[in-house]
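What follows is the residue order along each chain.
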Amino acid sequence: MCGIVGYIGHRDAYPVVLKGLQRLEYRGYDSAGIVLYDDKDLKLSKTKGKVADLKAKLEQEISTNGNLGIGHTRWATHGQPNDVNSHPHYSNSGDLVIVHNGIIENYDALKKELKTRGYKFHSDTDTEVLVNLIEDVQVQEGVKLGKAVQIALNQTVGAYAIAVVDKKKPNEIVVARLGSPLAIGVGEDEYFVASDASPFIEFTNNAIYLEDGEMAVVRRGKGVKVRKIKDDALVDPYVQELQLNLEQIEKGGYEHFMLKEIYEQPNAIKDTYRGRMLANKGIVKMAGIDDNIDRIANAKRILIVACGTSWHAGLVAEYIFEDLARIPVEVEYASEFRYRNPIISENDVIIAISQSGETADTMAAIKLAKEKGAFAFGVCNVVGSSISRETDAGAYTHAGPEIGVASTKAFTTQITVLTLMALKLGKYKGTISNTTFMYHLQELNTIPDKVEMVLQNNEHIKAIADIYKNARNCLYLGRGFNFPVALEGALKLKEISYIHAEGYPAAEMKHGPIALIDEQMPVIVIATRKGHYEKVVSNIQEIKSRKGQIIAVVTEGDEEVRDLADHVIEVPESMESLSPLLTTIPLQLLSYHIAVMLGKNVDQPRNLAKSVTVE
Ligand code: F6R
């Protein structure tokens, strides 16, 4: 939610900040703004709309450059997305400018107090309150910008990643974080600040990730000074060398990031198990599990917390863990779990699944479970993310950056990691035989090639998309391991095409949803041969006899469902527990093509943002 970026150094700041905003646009895209310092003054421009709209505006408005600048791309929380509420925000004197990702929860009380001291507010944002609070501290206490930021932040409740500049001190940017990510790129006599490393990866791969509750003063020619916001203690910053490269964050010839990421899945799955699994030797090495094997294997219960697509991966994992490791699993929406006084004991292990590693609700759920003594394990994609740091141990998915707002490769790689975990625990506990263990590994090893084969059905899936693109509603049905895939298929369609879709366990149809079936209703059924096949065939017959349109995802060579369904999409034969890695792919492609045909913005669907750092 919201991306912030900043530059101070010897280059023109404008192109660096603008391109940085384009890279961060996945975080929010309802308005954007930039401020540049041109040796005399701050020049600010902002607008409702996308970074492209800002660029068009800037070409008319900003005639000057300068080598200090900060920018923002917004996902609105307080106040509508309009020009006035867009960031950056000036303080009343016009000396300070801020960009902010997060929410200042006590902004109303602070605003009232500032108003009594004569401050005026032009926007509805919490951010404008914060910049004036900082100014007020400067005025009242006569302190420098860094100190003023620190004192002001200690009066706030909420979450933030901020960058602040002061016209009177044009050689520094002050940044701080609590609950929202912030990275500082360290170049040769130049520094970058950003919500993630993508804006600066082409200039440097050295980065400092601020920890929660830290702030930094970044000074031209003088370096970076990091300290704790609460107690002022200086921190020795750890400069990390990033493995990211530019190619990974560009479209590479694909029309959309989502399509690129769908096609990346064979390699992403391989990257997830590479170095962890030696299928022929029967070895699974996962440091996060190996170092804590007794704690995790002896858990009385595993609690999985996640949101959205990651929650669906959690549901698949529930089946896999219970099947292989015989540990009871509960899968919870992080947003519900955190507020319902859950019963958690020291014998529980909580697994948090999150692509971004920044989802606020998932983060809060982990903190709650840890407070009650549970051991926390993170399954994240973004290296160094907040959740990966908050958890006691973890395993990265290594899917590479996922930029399309709709999750695709994150889902399949999460399932891959969770399968490896379950296998490892099952082997250790003796709940699966060595033969079963070996068989799973060998089957997992074949999955990337099988995903490749599913992708070859793209044109066929596109033709099906063309037939159903004008549907108003869709049902997705699956059973067992493929029930969560039905939920995920429906979510994909909803979020990028805005067509109403619901996922159900196929057998639940007759308890209500079957009333929806008529000749207008496309029903996408996952009917792989090994998964309760006969039962699903009966469910298909029930739909057919009510004139529903069936699109079935079936195992290669299937004849029975082919005779019943209006369309079939084949996937290669696989173990049922691994089939979600295959059956998900056609559903991703179907949604993608429908959304493209409807002219929707696939990579940046309306009202959404890639990482949800607010509740
Ligand atoms: C759906 C989607 C979201 C995310 C959810 C959790 O395509 O992308 O539902 O899955 O916001 O995000 P992470 O995994 O980053 O915690």
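Since this is a predicted model, take the numbers as computed values, not measurements.

Would you mind going over the site of the ligand with me for this structure?
The ligand sits among 15 residues. The nearest are S310, S354, S356, T359 and E495. Between the ligand and S310 there is a distance of 2.6 Å, counted from an oxygen atom to a side-chain nitrogen or oxygen. One of the side-chain N or O atoms of T359 is found 2.4 Å from an oxygen atom in the ligand. Burial of the ligand by the surrounding chains reaches 90%, relative to a free accessible area of 410 Å². Every element with two or more residues in the shell around the ligand is listed here: α10 (308-324) and α17 (483-497). Tallied by class, the residues present in the shell around the ligand amount to 5 nonpolar, 8 polar and 2 charged. Split by domain, the shell around the ligand shows at least three residues from each of two domains, domain 2 (257-455) and domain 3 (458-597).

Teacher, can you tell me more about the state of the cysteines here?
Structurally, a disulfide amounts to a covalent bond that connects the sulfur atoms of two cysteines. In total, this model carries 0 disulfides according to the counting rule given. C307 takes part in no disulfide bond, and the closest cysteine sulfur, belonging to C380, lies 12 Å away. Relative accessible area serves as the criterion here: at 24%, C307 is assigned to the partly exposed category.

Help me out: how do you make sense of the packing of helix α7 (residues 265-273) against helix α14 (residues 409-429) in this one?
The relative placement of two packed helices is expressed as an angle between their axes plus a distance between the axes. Direction vectors running N to C along α7 and α14 enclose 30 degrees, while the axes themselves pass 9 Å from each other. Comparing their axes, α14 and α7 come out roughly parallel. Regarding α7 and α14, the two cross each other, and that crossing is right-handed. Contacts between α7 and α14 involve Q265, A268, I269, T272 and Y273 from the first element and K409, T412, T413, T416, V417 and L420 from the second. For the contact of α7 with α14, the class distribution of residues is 5 nonpolar, 5 polar and 1 charged.

I would appreciate a short explanation of the packing of aromatic side chains in the present structure.
Remark: the centre distance and the inter-plane angle together describe each pair of aromatic rings, the angle taken between the planes. Enumeration according to the criterion identifies 6 aromatic pairs in this entry. Aromatic pair Y7 and F192: ring centres 5.1 Å apart, planes at 55 degrees, arrangement tilted. One end of the pair, Y7, is in strand β1 (residues 3-8); the other, F192, is in strand β10 (residues 191-194), with 185 residues separating them in the sequence. Both residues of the pair, Y7 and F192, belong to the buried class. Aromatic pair F192 and F203: ring centres 5.2 Å apart, planes at 10 degrees, arrangement stacked. Taken together, the residues span a long stretch of sequence, with F192 in strand β10 and F203 in the loop between β10 and β11 (206-209) at a distance of 11 residues. The class for F192 is buried, based on a relative accessible area of 2%. Between the NZ or CZ atom of R606 and the centre of the ring of Y498, over which it lies, the distance is 3.9 Å.

Would you mind showing me how to read a negative patch on the surface here?
On the surface, a cluster of negative charge is made up of E534, E559, E560 and D563. For E534, the position within the fold is in helix α18 (residues 533-544).

What counts and how
- Within every chain, residues take consecutive numbers counted from 1 along the sequence as written.
- Predicted model: local features are reported for residues with pLDDT of at least 70 only, side-chain atom pairs are reported and counted for 80 or more only, and whole-chain, interface and lining totals are derived from all residues.
- With hydrogens and water excluded, all non-hydrogen atoms of the structure serve as input to the side-chain values.
- What makes a residue near a molecule or strand is one non-hydrogen atom of that residue sitting within 4 Å of it.
- N or O atoms closer than or at 3.5 Å make up a polar contact, with two conditions inside protein: a donor-capable atom paired with an acceptor-capable one, and, for residues adjacent in sequence, both atoms drawn from side chains.
- Residue exposure ignores everything except the shown protein chains as possible cover, and the areas themselves are Shrake-Rupley values with a 1.4 Å probe.
- Helical segments are the DSSP runs of H or I of at least four residues, strand segments are the runs of E of at least two, and each set is numbered from the N terminus.
- Three residue categories are used. Nonpolar comprises Ala, Val, Leu, Ile, Met, Phe, Trp, Tyr, Cys and Pro, charged comprises Asp, Glu, Lys and Arg, and polar comprises the others, including Gly.
- What counts as a domain boundary in this text is fixed by an automatic or database domain assignment.
- Cysteine sulfurs are considered disulfide-paired once they come within 2.5 Å of each other.
- Partly exposed residues are those whose accessible area sits between 20% and 50% of the maximum for their type, while under 20% is buried and over 50% is exposed, using a 1.4 Å probe and protein chains only.
- Angles here are taken between N-to-C directions and fall from 0 to 180 degrees, while the axes themselves are lines fitted to C-alpha atoms, restricted in helices to the stretch in contact.
- Relative orientations are named as follows: roughly parallel for angles under 35 degrees, roughly antiparallel for angles over 145 degrees, roughly perpendicular for angles from 65 to 115 degrees, and oblique for any other angle.
- For any helix crossing, the convention is left-handed if the near helix is rotated counterclockwise from the far helix by under a right angle, and right-handed if that rotation is clockwise.
- Only heavy atoms matter for contacts: two residues are in contact if any of them lie within 4.5 Å across the pair.
- The rule is short: rings of Phe, Tyr and Trp, with Trp giving its six-membered ring, pair when the centres are within 6.5 Å, and they are stacked under 30 degrees, edge-to-face over 60, tilted in between.
- Ring-over charges, as used throughout, are those where CZ of Arg or NZ of Lys falls within 6 Å of the ring centre and within 35 degrees of the ring normal.
- Patches in this entry comprise residues that are over 30% relatively accessible and not in a salt bridge; like charges within 9 Å are linked, as are nonpolar side chains (Val, Leu, Ile, Met, Phe, Trp, Tyr) within 5 Å.
- When a carboxyl oxygen of Asp or Glu lies within 4 Å of a side-chain nitrogen of Lys or Arg, that pair is called a salt bridge.
- Residues counted as positive are Lys and Arg, residues counted as negative are Asp and Glu, and His and the chain ends are not counted.
- Every charge is mapped to an atom, namely NZ of Lys, CZ of Arg, CG of Asp or CD of Glu.

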